[in-house]
Amino acid sequence: MVEFAFSEEQELFRQAVREFAQQGLAPGYLERARSDAPPLDVIDKLRDQGLLALNLPEEYGGQGADHVTLGIAVEEIARADINAIFCNALVGPLMKYGTPEQRQRWLSPMATGDCFLGLALTEPHCGSDAAAIRTNAVRDGDEYIINGEKSSISMTTWAHAFFLFAKTDPQAGARGVSCFLVPRDSSGLTLSQFHDMGSKPLGRGALNLKDVRIPAENRVGEEGMGFKMVMGEFDYIRVLIGLQCLGAAQVSLEEAGDYAKDRTAFGKPIARFEGISFLIAEHATLMEAARLLCYKVLWMRDQGLPHTKEAAMVKWWVPQLTAKAIQDALLIHGHLGYSDEFPLEQRLRDVLGYQLADGTAQIQKIVIARELIGREFLPY
């Protein structure tokens, strides 16, 4: 088996993205993080750098980058602004299941920042139990009529359309879920925004659908393929979430180390106290292991290897360990770290939400156990 390693081109790419992100994104992080407004200036900057279209196929105006390269971009951007990840990761459903007309309509505008697609799966009564959704879509000639409610949906305030999952066969469980592209201006669709403690620019909110009619041509893939479609994308998105959290935690730990070298107590820098230096060493070790796991999973995806178990490992572990690392970095800074003039408290609030997004730690452990010891031994 060939061992994973970054190529020379990927290392150069990392350096270029870091330079751009530190100069172009980091200075405005706190101001943007406190606002619910769509981050249009960030979108423009990412577009100008070609980062919006990084993972889009070249025929649709993108760079056709591999998954590892996209992960590098996500990690480096998150070091500057964890909320600035608008790489349009959700191209998979259209590339794998979409018609040529759907791909042309939606993918090409993504490259220019003129189109963003949200993922509408979670509902008020169910999150991890995605097969239990109640939103339904009924075929009516050349249209579908959709009724239901979606909750905790990112980009509610500014996505142009949503990959929306609904039951077309309520009796078939997971095999009765289908995927639809629902434009935000659809008649009968009402959008509302939540006011969160972190990740405000992501625009989390709810969708209420009452007799929303969409053309049958807006269905992505065949009826009943929706659950399989979205689960395959989660294996990818969960790793990008891990790298987002790692980027924010890594820069926080670096700041804590620099501060510890300058701050004195009892006549010497606090970095000389093992209570500080060992804490930094422990977090650095765990984050390096987590980082390697993230990139291994992306490499496995590039090689076409199964990676559901490893992606679940990333999702339950990395947001948790990075939240603790940022919290300890804040405590090393003392009362200054608790001030909102420093980015630490904002990063902590932003990272906390990723322990919930795209699957809780508990459901990830069920996925891992299923892969390791078999579905017949699961607790349900």
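Predicted, not measured: the structure shown is a model, and the values here were computed from it.

Here we look at the state of the cysteines
So, step 1. Going through the model one piece at a time under the given rule, you end up with zero disulfides.
So, step 2. Take Cys179: it sits in no disulfide, and the sulfur closest to it among the cysteines is that of Cys115, at 14 Å.
So, step 3. Given a relative accessible area of 0%, Cys179 falls into the buried group.
So, step 4. Free of any disulfide, Cys294 has its nearest cysteine sulfur in Cys245, 8.9 Å distant.

Points about the pattern of salt bridges
So, step 1. A complete count under the given rule lists 23 salt bridges for this structure.
So, step 2. Notably, a salt bridge pairs Arg18 with Glu76, separated by 2.7 Å at the nearest N-O pair. One end of the pair, Arg18, is in helix α1 (residues 8-24); the other, Glu76, is in helix α4 (residues 67-80), with 58 residues separating them in the sequence.
So, step 3. Residue Arg18 is classed as partly exposed on the basis of its relative accessible area of 33%.

A short note on the side chain of Arg103
So, step 1. If you trace the backbone, Arg103 turns up in helix α6 (residues 100-111).
So, step 2. We note that Arg103 is buried and unpaired, the nearest opposite charge coming from Glu59 at a distance of 6.2 Å.
So, step 3. Excluding anything up to four places from it in sequence, Arg103 contacts Tyr60, Leu94, Met95, Gly98 and Ser108.

What about the environment of Val182?
So, step 1. Secondary-structure assignment places Val182 in strand β5 (residues 177-183).
So, step 2. Look at Val182 and you get buried, because its relative accessible area is 1%.
So, step 3. When the C-alpha positions of Val182 and His335 are compared, they lie 47 Å apart, and in sequence the two are 153 residues distant.
So, step 4. The residues touching Val182, leaving out its near neighbours within four places in the chain, are Ile146, Ala161, Phe162, Leu164, Leu189, Val212 and Ile214.

Digging into α4
So, step 1. Here α4 spans 21 Å end to end across 14 residues, near enough to the 20 Å set by a 1.5 Å rise per residue.
So, step 2. In terms of burial, α4 is a largely internal element, 13 of the 14 residues being buried.
So, step 3. Two or three places before Val68, at the start of α4, stands the capping residue Asp66, its side-chain oxygen 3.3 Å from that residue's backbone nitrogen.

Definitions and limits used
- Residues numbered from 1 in each chain as written.
- Predicted model: local features only at pLDDT ≥ 70, side-chain atom pairs only at ≥ 80, totals over all residues.
- Heavy atoms only, no water.
- Disulfide = S-S within 2.5 Å.
- Buried < 20%, exposed > 50% of the residue type's maximum accessible area, 1.4 Å probe, protein only.
- Salt bridge = Lys/Arg side-chain N within 4 Å of Asp/Glu carboxyl O.
- Helix = DSSP H or I, 4+ residues; strand = E, 2+ residues; numbered from the N terminus.
- Lys, Arg positive; Asp, Glu negative; His and termini not counted.
- Contact = heavy atoms within 4.5 Å.
- Expected span 1.5 Å × (residues − 1).
- Polar contact = N/O pair within 3.5 Å; in protein donor to acceptor, adjacent residues only side chain to side chain.

Such coordinate-based values are descriptive only and should not be taken to indicate function.
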